[in-house]
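Breakdown of the fold
Residue-level listing of the chains:
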Amino acid sequence: MIAKRLDLSYQSGNRDGMQKIKNFRSADCVIGGFRYATNRLDNRKVVGSLLLGLYNDAGLLHHVGFTSAIKRAQKPALTAKLEALIAEPGFTGNAPGGPSRWSTERSAQWCPLKPKLVVEVCYDHFSGDRFRHGTTILRWRPDKAPRQCTPDQLKQKAVNPMKLLV
């Protein structure tokens, strides 16, 4: 949404008096696995992306997307934390690595994790059974049980935008 001050006229090439407001959505996801980065950091393998999962009604953890927005300085400590949790099966429902037009040999390789870690991510679009683009980490959720991470939180709620103007 773009908002412009009523007391200013449109000013081409200038954002004074205007503000762009993006639709913000977040979801709590279980880290069901991770992939190592292609490049090493200080000659050491480090995490490149976290694989996100949500539990369905049958209790299966389905892969729904990823986040690779991990700060470089945090990668060594996060890698050590993740490596301590490596264990099969990781995802018990749909798992990463299935065929797609973007798949490479490297993209099929991932390390499964015990379902212990929950992260809140920001996303722009969820369609079908997965995030359609990469997500951004907002915060870790040690206060949330992994089994609480379900697709229910992604359902769009009908809102009348005119009520925001009151």
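Figured I'd write up the structure that's included with this text. (Residues numbered from 1 in each chain as written. Predicted model: local features only at pLDDT ≥ 70, side-chain atom pairs only at ≥ 80, totals over all residues. Heavy atoms only, no water.)

Along the backbone of the chain there are one helix and 10 strands. Expressed as lengths along the three principal axes of its C-alpha atoms, the size of the chain is roughly 60 × 40 × 35 Å. Each of the 166 residues in the chain was classed as buried or not, and the buried ones make up 34%. Considering only contacts within the chain whose residues lie at least 6 apart along the sequence, 61% involve residues at least 24 apart. Total accessible area on the chain is roughly 11100 Å²; 52% of this is exposed by carbon and sulfur atoms. Averaged over its 27 positive side-chain charges, the chain has a centre that lies 2 Å from the centre of its 13 negative ones. (Helix = DSSP H or I, 4+ residues; strand = E, 2+ residues; numbered from the N terminus. Buried < 20%, exposed > 50% of the residue type's maximum accessible area, 1.4 Å probe, protein only. Contact = heavy atoms within 4.5 Å. Areas by Shrake-Rupley, 256 points an atom, 1.4 Å probe, with all protein chains shown as cover. Lys, Arg positive; Asp, Glu negative; His and termini not counted. Charge placed at Lys NZ, Arg CZ, Asp CG, Glu CD.)

Counted by the stated rule, this structure contains seven salt bridges. One salt bridge connects Asp7 with Arg5, and the closest N-O pair in it is separated by 2.6 Å. Here Arg139 ties to Glu120 by a salt bridge, and the two come within 2.5 Å at their closest N and O atoms. Residue Arg139 is found in strand β10 (residues 136-140), and its partner Glu120 is found in strand β7 (residues 118-123); the two are separated by 19 residues along the sequence. Looking at Glu120, the relative accessible area reads 11%, which means it is buried. (Salt bridge = Lys/Arg side-chain N within 4 Å of Asp/Glu carboxyl O.)

The next subject is the packing of aromatic side chains. The final tally for this structure, using the stated rule, is four aromatic pairs. Cation over ring: Lys45 sits above Tyr36, and NZ or CZ is 4.1 Å from the ring centre. (Phe/Tyr/Trp six-rings, centres within 6.5 Å; stacked < 30°, edge-to-face > 60°. Lys NZ or Arg CZ within 6 Å of the ring centre and 35° of its normal.)

Next up on the list: the nonpolar core. Ranked by internal contacts, the top residues of the largest apolar core, which has 29 residues, are Ile31, Phe34, Leu50, Leu52, Leu82 and Phe131. For this core, the secondary structure elements donating two or more residues are β3 (25-36), β4 (47-55), β5 (61-67), α1 (75-83) and β7. (Core = buried A, V, L, I, M, F, W, Y, C linked by side-chain atoms within 4.5 Å.)

Of all the nine residues making up β4, nine are buried; the element is thus mostly covered by neighbouring parts of the structure. With six bridges connecting them, β3 and β4 associate as antiparallel partners. Looking at β4, one finds that Tyr36 is bridged to Val47. With six bridges connecting them, β4 and β5 associate as antiparallel partners. Following the sheet pairing, Leu52 is matched in β5 by Gly65. The turn joining β4 and β5, which pair antiparallel and follow one another in sequence, is formed by five residues; a positive phi near 85 degrees is taken by Gly59. (Pairing = 2+ DSSP bridges.)

With that settled, the discussion passes to the pairing of β7. Among the six residues of β7, six are classified as buried, and the element is accordingly described as predominantly covered. Sheet topology places β3 next to β7; six bridges connect them, and they run antiparallel. Paired with Cys29 across the bridge in β7 is Val119. Note that β7 and β10 share four bridges and pair antiparallel. Across the sheet, residue Val121 finds its bridge partner in β10, namely Ile137.

This part covers the side chain of Lys144. Summarising the element assignment, Lys144 is placed in the segment after β10. Among the polar contacts made by the side chain of Lys144, one reaches the side chain of Asp28 at a distance of 2.8 Å. If near-sequence neighbours (up to four positions away) are discounted, Lys144 is found in contact with Asp28 and Val118. (Polar contact = N/O pair within 3.5 Å; in protein donor to acceptor, adjacent residues only side chain to side chain.)

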